[in-house]
Protein chains: 2
Amino acid sequence: MSGQEAPQFTIVGCGLAGTLLACYLGRAGHRVDLYERRPDPRTHAQDRGRSINLALSVRGIHALRDLGLADEVLRSAILMRGRMIHSATGELTFQPYGKDDSEALYSVSRAGLNLTLVQAAARHESLRLHFGQRCTGFDVRSNAIELHDETTHQVSQLAAQIVIGADGAYSTVRSQMQKQERFSYSQEYLSHGYKELTIPAGPDGAFRLEKHALHIWPRGNFMMIALPNQDGSFTCTLFWPYEGPNSFAALRTEADVLAYFRDQFPDAVPLMPTLAQDFLHNPTGPLVTIRCQPWHLDGRAVLIGDACHAVVPFLGQGMNAAFEDCTVLSECLKQHASRWDDAFRSYEARRKENTDTLAALCVENFVEMRDKVGSKAFLLRKKLAILLHRLFPHWYLPLYTMIEFTRIPYAQALRRARKQNLIVALIAASLVLLLLFLALR
Amino acid sequence: MSGQEAPQFTIVGCGLAGTLLACYLGRAGHRVDLYERRPDPRTHAQDRGRSINLALSVRGIHALRDLGLADEVLRSAILMRGRMIHSATGELTFQPYGKDDSEALYSVSRAGLNLTLVQAAARHESLRLHFGQRCTGFDVRSNAIELHDETTHQVSQLAAQIVIGADGAYSTVRSQMQKQERFSYSQEYLSHGYKELTIPAGPDGAFRLEKHALHIWPRGNFMMIALPNQDGSFTCTLFWPYEGPNSFAALRTEADVLAYFRDQFPDAVPLMPTLAQDFLHNPTGPLVTIRCQPWHLDGRAVLIGDACHAVVPFLGQGMNAAFEDCTVLSECLKQHASRWDDAFRSYEARRKENTDTLAALCVENFVEMRDKVGSKAFLLRKKLAILLHRLFPHWYLPLYTMIEFTRIPYAQALRRARKQNLIVALIAASLVLLLLFLALR
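Residues numbered from 1 in each chain as written. Chains lettered and ligands numbered in written order. Predicted model: local features only at pLDDT ≥ 70, side-chain atom pairs only at ≥ 80, totals over all residues. Heavy atoms only, no water.

Participant: Describe the overall build of chain A, listing the residues and the values that go with them.
Facilitator: On a plain count of helices and strands, chain A comes out with 13 helices and 19 strands. Its C-alpha atoms give chain A a radius of gyration of 23 Å, near enough to 22 Å, the size a compact globule of 441 residues would have. The buried share of chain A, taken over its 441 residues, is 54%. In chain A, the proportion of contacts linking residues at least 24 apart, taken out of those at least 6 apart, comes to 69%. Just so you have it, chain A exposes about 19,900 Å², and 54% of that area is on carbon and sulfur atoms. (Helix = DSSP H or I, 4+ residues; strand = E, 2+ residues; numbered from the N terminus. Rg over C-alpha atoms; globule rule 2.2 N^0.38 Å. Buried < 20%, exposed > 50% of the residue type's maximum accessible area, 1.4 Å probe, protein only. Contact = heavy atoms within 4.5 Å. Areas by Shrake-Rupley, 256 points an atom, 1.4 Å probe, with all protein chains shown as cover.)

And the structure:
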């Protein structure tokens, strides 16, 4: 390979973040090689590894729009205008996400979106995609990656100028960076796990539940949710404790499962013909939050997406935050030209505080989704927040709105929400005092 | 070895926590084997591995008293009644820790205390101490530990009934437990490191600074502290950034060091004849917070002290919290008889929330010590807190007082402090309103 052809960037992982970043790099004229463990999605059906569908929101859409891919992706996405709450007796309550359809989420297929991004990356001449190549090592001294060919089982070493770890929560690239001195790292598991279940389409692909909603069955300590798919089916996800009296460990037989679901989710059971088998055969996935620092190794390696900040899925921001990483990293690379170290440092400085804030908010939102969304007090607060947002659209933005429907950095959004709420509380307290004063006068 | 003689507990690490727990276990009649990498402190001078002296407070003293060791330890300790603040111009301000000498810290020698504990452990017939044996592995399936003999370099495997990991922040026992599924783990490094320096004794072992104080040179982004030793010397610790304009990376020559110290610590430099050499030759240590969960593996292994919750040293609670672990674990073992799994579960439930709270408070207190202790507003708040504590000794306890001078669990102490402060703020606000109302009437 001549010097001219050697890639500047070697991306490990052709998941959603890796391929999107490749498109940004390709657009900027960089030479990039991508390596992916799985087979080429253009020629092979994708295995069911992770969640089937995802909620796409403004941060993700912005990145896709940057690259001219938003229209194509949104055409095959399903608009979700709000939450549909299913009570224990089967009553339905709809809570809109925002003031109109500009404040809504989109349910997209992970496999479909990944294929779109791979096709988009393949259109750039300076990008080369290599599938069936598992990265099994990264030598931080020589900056070489080790690749295992999944077909021939041959192992090769590849010298890289800049390695980009886009290889997910259990990143091989990060695991080697972790061996550096004073590398901060954390992996925190929730005591809950998740299991995917299915509500198939009705006759003629009819949706058996409201199509344009994210469905939630909040049950206090646990919950089930369902997102619509293009084919009329819904993918349900049960979030449940691993251990204890009501837990994955406690339900052993088909009869146990059916009895429990009929008790807890009476309106869903008739729509789930393969419930018991799915429950007993589908894997139970862990819910992990991963944080680390630094995100880069001088100007030689850098992490994006789950590899540096895996979050739990309760704000639907994992993919959106990863796409925002790509937008910011692309801006930093442009700003710092080929001073890679400066570019990566600036990227980390702009992202780290924000993804740390996001990680904490995602864990908090699990409690909100599984417990509070069912309560009257919560509904009242949500209504008040939306009212204030309508009255003062430029001043008052609910935290959820800022996270899902704006590109305000997460940490700044949290600070602004706290300030707004303090001011609202102070105004309310002053009004009470004023009334008291007038009454006593 | 006959069944009767086989030890129930195998403690890895004869540091402060391991030997103290051994004394508790020995007192309860358990058979225990202890393994330690370093040579026997009864026959060898101890190497300078970690900090030279430590602040002992109520939680630690309680554990020592439980075992009849408190009087012996306190006889060779130095009472520290408060903080002595050294300003940039060399002015001194003394801030007492509490209302009297019952609320004070003790400076103890790590080596001296370790020797006392090893001697106490050796007095129990059911305990066997093995030195010069480095634990290099722990097989979580067979519950065997691997030992490396530091003299003969032979490696042996040892089947253990229950393994107790008391092997510090970089615990080998924990590192194997970490490979279990869904093990939560975090290591967070501060961007500061620490370096130990010395103020030798004056003529005839005279103390060159106030003997009964913990000295602090707060300088905003960094600080130096000094604790007294029995021989009249002080051990100083500089907490300083690793990188940046004023950092360990920036001072390269003896002249640099002297110039910088003369500028920042003018009153200390004349007392530090070996400053420049010490600075350039002594190692720079990292400041790490370690958290993990679970702390035990069924009823077969359990962690104590830094192995499960290393904290940064800014509340002087690392050793005290480790000793409290031993007190609580000993209580749980007694309560649950030989149902080890229950005992360890109960121990973790009682400790985890508290050591998590402590870890966060220690990081926060670094900012207080290096920055706020020098300010007038801080002094005023401290004085108000001590006044409230004098006026309402049973109701109002400052957070620092609860941490250092009571055995109130750390998390409960933090909740109580927040509640107290809220009530004080509400009373103050009501008084202002009342005055306002009277004035307007």
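Further notes follow.
Participant: Describe the packing of helix α1 (residues 16-27) of chain B against helix α4 (residues 110-122) of chain B, naming the residues involved and giving the relevant values.
Facilitator: All names here are of chain B. Relative orientation of the contacting elements α1 and α4 amounts to 30°, with a least axis distance of 9 Å. Comparing their axes, α4 and α1 come out roughly parallel. Note on packing geometry: the crossing formed by α1 with α4 is left-handed. Residues Leu16, Thr19, Leu20 and Cys23 of α1 form the contact with α4, whose own contacting residues are Arg110, Leu113, Asn114, Leu117, Val118, Ala120 and Ala121. Split by residue class, the contact of α1 with α4 holds eight nonpolar, two polar and one charged. (Axes fitted to C-alpha atoms, helices over the stretch in contact; angles between N-to-C directions. Parallel < 35°, antiparallel > 145°, perpendicular 65-115°, else oblique. Left-handed = near helix turned anticlockwise from the far one by under 90°. Nonpolar A, V, L, I, M, F, W, Y, C, P; charged D, E, K, R; others polar.)

Participant: Break down the pairing of strand β12 (residues 162-165) of chain B for me, citing the residues and quoting the values.
Facilitator: All names here are of chain B. Residue alternation in β12 divides its side chains into two sets, Ile162 and Ile164 and Val163 and Gly165, and both sets are buried. One ladder, built from four bridges, connects strand β1 (residues 9-12) with β12; its direction is parallel. Directly across from Phe9, in β12, lies its bridge partner Ile162. Two strands pair when backbone bridges link them, and β12 and strand β19 (residues 301-303) are joined in this way by three bridges, in the parallel orientation. (Pairing = 2+ DSSP bridges.)

Participant: Explain unusual backbone geometry to me, using residue names and the numbers behind them.
Facilitator: Residue and element names in this part refer to chain A. Following Gln293, the chain continues to Pro294 via a peptide bond in cis, the omega torsion being 0°. By secondary structure assignment, the location of Pro294 is in the loop between β17 (285-293) and β18 (296-297). Positive phi, normally seen in glycine, also occurs at Asp204, with a value near 60°.

Participant: How would you summarise the relation of the copies chain A and chain B if you had to cite specific residues and measurements?
Facilitator: Its rotation angle being 180°, the transformation that places chain A on chain B also includes 0.0 Å of axial translation and leaves an RMSD of 0.0 Å. Taken together, these values place the two copies in the relation of a two-fold axis. Ranked by how close their C-alpha atoms come to the rotation axis, the residues of chain A are headed by Ser186 of chain A, at 1.9 Å. (Least-squares fit on C-alpha atoms with pLDDT ≥ 70 in both.)

Participant: Lay out the sheet that holds strand β9 (residues 133-139) of chain A with the relevant residues and their values.
Facilitator: Residues and elements named next belong to chain A. If you walk across this open sheet you meet the three strands as β9-β10-β11, and the pairing is antiparallel. This sheet does not close on itself; its edge strands, each paired only once, are β9 and β11 (155-159). Each adjacent strand pair in this sheet contributes to an overall mean axis angle of 30°, direction not counted. With five bridges joining them, strand β10 (residues 144-149) and β11 adopt antiparallel strand pairing. Within β11, the position partnered with Ile145 by the bridge is Leu158.

Participant: Give me the lowdown on the domain arrangement of chain A, citing residues and values where you can.
Facilitator: All names here are of chain A. Under the domain assignment, chain A is made up of domain 1 (3-78 + 105-187 + 288-366), domain 2 (189-286) and domain 3 (375-440). Centre-to-centre, using C-alpha coordinates, domain 1 lies 30 Å away from domain 2. In this complex, domain 1 contributes 21 residues to the contact, which on the side of domain 2 involves 17 residues. Counting each side, the surface lost to burial between domain 1 and domain 2 is near 1,600 Å², with a carbon and sulfur contribution of 64%. Counting across the interface, domain 1 meets domain 2 through zero salt bridges. Viewed at the interface, domain 2 and domain 1 are joined by six residue pairs in polar contact (both at pLDDT 80 or more). Those elements giving two or more residues to the side of domain 1 that touches domain 2 turn out to be β3 (53-56), β7 (105-109) and α10 (340-370). Sorting elements by how many residues they give to the side of domain 1 that touches domain 2 places β3 first, with three residues. Looking at side-chain class alone, the side of domain 1 that touches domain 2 contains 13 nonpolar, five polar and three charged residues. (Domains from an automatic or database assignment. Buried area = accessible area lost by both parts, 1.4 Å probe. Salt bridge = Lys/Arg side-chain N within 4 Å of Asp/Glu carboxyl O. Polar contact = N/O pair within 3.5 Å; in protein donor to acceptor, adjacent residues only side chain to side chain.)

Participant: Break down the interface of chain A and chain B for me, citing the residues and quoting the values.
Facilitator: In this complex, chain A contributes 14 residues to the contact, which on the side of chain B involves 14 residues. When chain A packs against chain B, the two sides together hide about 1,300 Å² of surface, and 59% of this comes from carbon and sulfur. Among the residues chain A hides against chain B, the three largest losses belong to Arg182, Gln187 and Tyr189 of chain A. Together they make up 43% of the total. Joining chain A to chain B, the criterion identifies zero salt bridges. Viewed at the interface, chain B and chain A are joined by six residue pairs in polar contact (both at pLDDT 80 or more). If you list the elements that add at least two residues to the side of chain A that touches chain B, you get β13 (184-199) and α13 (410-440) of chain A. In terms of residue count, β13 of chain A provides more of the side of chain A that touches chain B than any other element does, six residues in total.

Participant: I'd like a description of the pattern of salt bridges, backed by residues and values.
Facilitator: Residues and elements named next belong to chain A. Per the counting criterion, the structure on display carries 38 salt bridges over all chains. A salt bridge links Arg38 to Glu36; the nearest nitrogen and oxygen atoms lie 2.8 Å apart. Look at Arg38 and you get partly exposed, because its relative accessible area is 24%. A relative accessible area of 5% means that Glu36 is categorised as buried. When salt bridges that share partners are traced, they join Arg59, Glu324, Asp325 and Arg351 into one network.

Participant: So, helix α6 (residues 254-264) of chain A: which residues are in play, and what are the values?
Facilitator: All names here are of chain A. Considered for burial, the residues of α6 that qualify are Val257, Tyr260, Phe261 and Gln264. Projected down its long axis, α6 shows its buried positions confined to an angular sector of 95°, all on one face. Relative to its buried face, α6 has exposed residues pointing more than 90 degrees away, namely Ala255, Arg262 and Asp263. Of the surrounding elements, those touching the buried residues of α6 are β13, β15 (223-228), β16 (234-241) and α7 (275-281). (Arc of directions from axis to C-beta.)

Participant: Now, about the packing of helix α1 (residues 16-27) of chain A against helix α9 (residues 318-335) of chain A: what can you tell me, with residues and values included?
Facilitator: Packed helices, taken two at a time, are described by the angle their axes make and the gap between the axes. Residue and element names in this part refer to chain A. The N-to-C vectors of α1 and α9 enclose an angle of 25°; their axes lie 9 Å apart at closest approach. In this view, α1 runs roughly parallel relative to α9, as classed from their interaxial angle. Considering only the axes of α1 and α9, their crossing is right-handed. Together, Leu16, Ala17, Leu20, Leu21, Tyr24, Leu25 and Arg27 of α1 and Met319, Ala322, Phe323, Cys326, Thr327, Leu329, Ser330 and Leu333 of α9 make up the contact between the two elements. Considered class by class, the residues forming the contact of α1 with α9 number twelve nonpolar, two polar and one charged.

Participant: So what's going on with the sheet that holds strand β11 (residues 155-159) of chain B? Which residues, and what values?
Facilitator: Residues and elements named next belong to chain B. Spatial strand order, β9-β10-β11: three strands in an open sheet with antiparallel pairing. Of all strands in the sheet, those bounded by a partner on one side alone are β9 (133-139) and β11. For this sheet, the mean angle separating the axes of adjacent strands, direction not counted, is 30°. For β9 and strand β10 (residues 144-149), the ladder comprises six bridges, and the chain directions are antiparallel. Each residue of the ladder has a partner; that of Phe138, found in β10, is Ile145.

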